[in-house]
Amino acid sequence: MSTAVPSALRIEGLGLKIGGATILDGIDLDIPPGSLVGVIGPNGAGKTTLFNAISGVVTPTSGRVLMDDRDITGTSVPARARAGLGRTFQTSSNFPRLSVLENVRVAAQASRGGSYSLLRFPRGDDAATAAARDALAQVGLEHRAHVPAGDISHGDKRKLEIAVLLATDARLVLLDEPMAGVGSGDVPGLVERIRDLHQVKGCTVLMVEHHLEVLMGLVERVAVLVAGRIVAFDTPERIMADPRVQAAYLGSAA
Amino acid sequence: MSTLVLVLLTGIGLGALYFLVASGLSLIYGLMHVLNFAHGAFLTLGAFMGFEVARRLDSTSWWAFAVSILVGGLVGAGVAALTELALIRPLYERHIEQVLVTVGLAFAAVALYEGIWGSDPIYIQAPAWMRETTGVLGAQVPNTYWVLMAAATALLISLVVFLRYTRFGTIIRAGVENRAMVTALGIDVRTAFLLVFAIGGSAAGVGGVLAAHYTGYVSAHLGSTLLIFAFIVTVIGGLGSLPGAAIASVMVAVLQQFANYYMGGTGDIIVVVALAGVLLVRPSGLLGRRFA
């Protein structure tokens, strides 16, 4: 049953129909471990829905999702997370009234589930807190550790999302517009944090992003999603040159 | 002056009782978005079981009182946990159905209690001290009110410590803020749901035993009456906010007592007017999250 080249994520004929509408239409994708893949497409193409189907938030009406060659189609969101799938949400992935450190610690302790008592008082030096502090230091947010997450700048919130993923055991991460609403001054820093996630932590990364020039310089491959279908999956250079992509996406976005 | 002090202190004591009920309602709504109409039924069962235990012991003794409080809390936690497992969990994410099932349970529970204990109030006995009063600035305050205040304060402190400083508490606070993200981190929030129901039920059960001492009797309708005010308190305080529930409990009860004393028994109406006022000015309540 094992294939010659293992996949971090394999999607086979994934479809989603809601009422009469087809949201996702026979999507096939094979992502090798350690890839950094961009997902682009016009608004309403189904990018977030695809992420929701991969992470288990929505149940597809057809097809399968395999993580590390294991079928996870029928499993719950937390089960997928425990299997090593991490994600951010387009709107907000933070807990605004928890401190920045607590935001990351919840993630770190979730990844260390089972072996500890949930009623135990977290000491300053326990493993989850240490992992949380390390992750904050990696993204340069340690000086904001005790500020409520709702009070930090938009760019810092996006960094916090990356820190949360760094603190978990996630091996496959889905970033839904990690640079949305971020000022141009914060973009290079965020790009570096995403590279950390990919190269230092060694995660397989899928990201939806509308900053095309940034995305094209960062990812290895790009999947183009139009009306629930993958119309192209190739290197950034070829995607930019592909007339179908120009017509379907770049043209309509301009 | 002494009247003013008396009205104020009895208001705070009544507020303490409201908080015992409202804290659980607020926690449950905050995490699960379920308005739990069965919360009054948990309270009434706690009161009845506490009464049954106390009368089998020496109900005028302190230790019988202590045991009845313990039993009330355990019964409340147990029945709430059972409700979550058997009725709420199968309707996961179906909030309307979840609310309806708690409404149904509330009606069924009252009928069941009437079937077992009858529809007339059953007058209860208490330790002698609780039937006495203590003088404060000339006001003779019934001692039951001090017990209520102590219980509510202990509950508030332990809930705050639990939520702020334990791992599970952090998970619950995180779940109140962004449940999708908690789940995406690999945490099964259903465990937290069960725990929050049990904690809320336990507070309601203890509240039931104390409510019986406050009114002097147990009846099948004890919980229903208190639940209305607990809901008002929870909404005024901001659904899901524990400090909001605490502040609103005292504010509402004091206002109610003052209106009852100085404005010819208009307390209940004034409370509803206050609710309408808060909803007009701050629809999300005093400390509730603002709706976008």
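Residues numbered from 1 in each chain as written. Chains lettered and ligands numbered in written order. Predicted model: local features only at pLDDT ≥ 70, side-chain atom pairs only at ≥ 80, totals over all residues.

Asks: Sorry, what's going on with the nonpolar core here?
Replies: Counting residues in hydrophobic clusters, the biggest one holds 170 residues, and the most contacted among them are A:A163, B:Y18 and B:L20. Sequence-distant contacts of B:L20, defined by excluding residues within four places in its chain, comprise B:A151, B:A152, B:L155, B:A203, B:A204, B:V206, B:G207 and B:L210. (Core = buried A, V, L, I, M, F, W, Y, C linked by C-beta atoms within 7 Å. Buried ≥ 20, exposed ≤ 12 C-beta atoms within 10 Å, placed from the backbone. Contact = placed C-beta atoms within 7 Å.)

Asks: Teacher, can you tell me more about the sheet that holds strand 10 (residues 229-234) of chain A here?
Replies: Strand pairing in a sheet is mediated by backbone hydrogen bonds. Such pairs are either parallel or antiparallel. All names here are of chain A. Across the sheet, which stays open at both edges, the 6 strands sit in the order 6-7-8-3-9-10 with mixed pairing between neighbours. The sheet terminates laterally at strand 6 (85-87) and strand 10, the two strands that pair on one side only. Between one strand axis and the next, the sheet turns through 20° on average, direction left out of account. Here strand 9 (residues 221-226) pairs with strand 10 via 5 bridges, running antiparallel. Looking at the pairing, V222 lines up with D234 of strand 10. (Pairing = 2+ DSSP bridges. Helix = DSSP H or I, 4+ residues; strand = E, 2+ residues; numbered from the N terminus. Axes fitted to C-alpha atoms, helices over the stretch in contact; angles between N-to-C directions.)

Asks: How should I be thinking about the packing of helix 5 (residues 143-165) of chain B against helix 6 (residues 167-177) of chain B in this particular structure?
Replies: Geometrically, a packed helix pair is captured by the angle between its two axes and the distance between the axes. Residue and element names in this part refer to chain B. Two elements in contact, helix 5 and helix 6, have axes whose closest approach is 5 Å; the angle formed by their N-to-C orientations is 85°. The orientation of helix 5 with respect to helix 6, classified from their angle, is roughly perpendicular. Contact residues: F162, L163, R164 and Y165 in helix 5; G169, I172 and R173 in helix 6. A class-by-class count of the residues in the contact of helix 5 with helix 6 yields 4 nonpolar, 1 polar and 2 charged. (Parallel < 35°, antiparallel > 145°, perpendicular 65-115°, else oblique. Nonpolar A, V, L, I, M, F, W, Y, C, P; charged D, E, K, R; others polar.)

Asks: It is not clear to me how the packing of helix 1 (residues 2-32) of chain B against helix 5 of chain B should be interpreted in this structure. Could you clarify?
Replies: All names here are of chain B. At a minimum axis distance of 8 Å, the contact between helix 1 and helix 5 shows a crossing angle of 40°. Between helix 1 and helix 5, the crossing angle belongs to the class labelled oblique. Where helix 1 crosses over helix 5, the two elements pack in a sense that is left-handed. Contact with helix 1, carried on its side by L9, T10, I12, G13, A16, L17, F19, L20 and S23, involves Y145, L148, M149, A151, A152, L155, L156 and L159 of helix 5 and no other residues of that element. (Left-handed = near helix turned anticlockwise from the far one by under 90°.)

As far as function goes, none of this settles anything; it's purely spatial.
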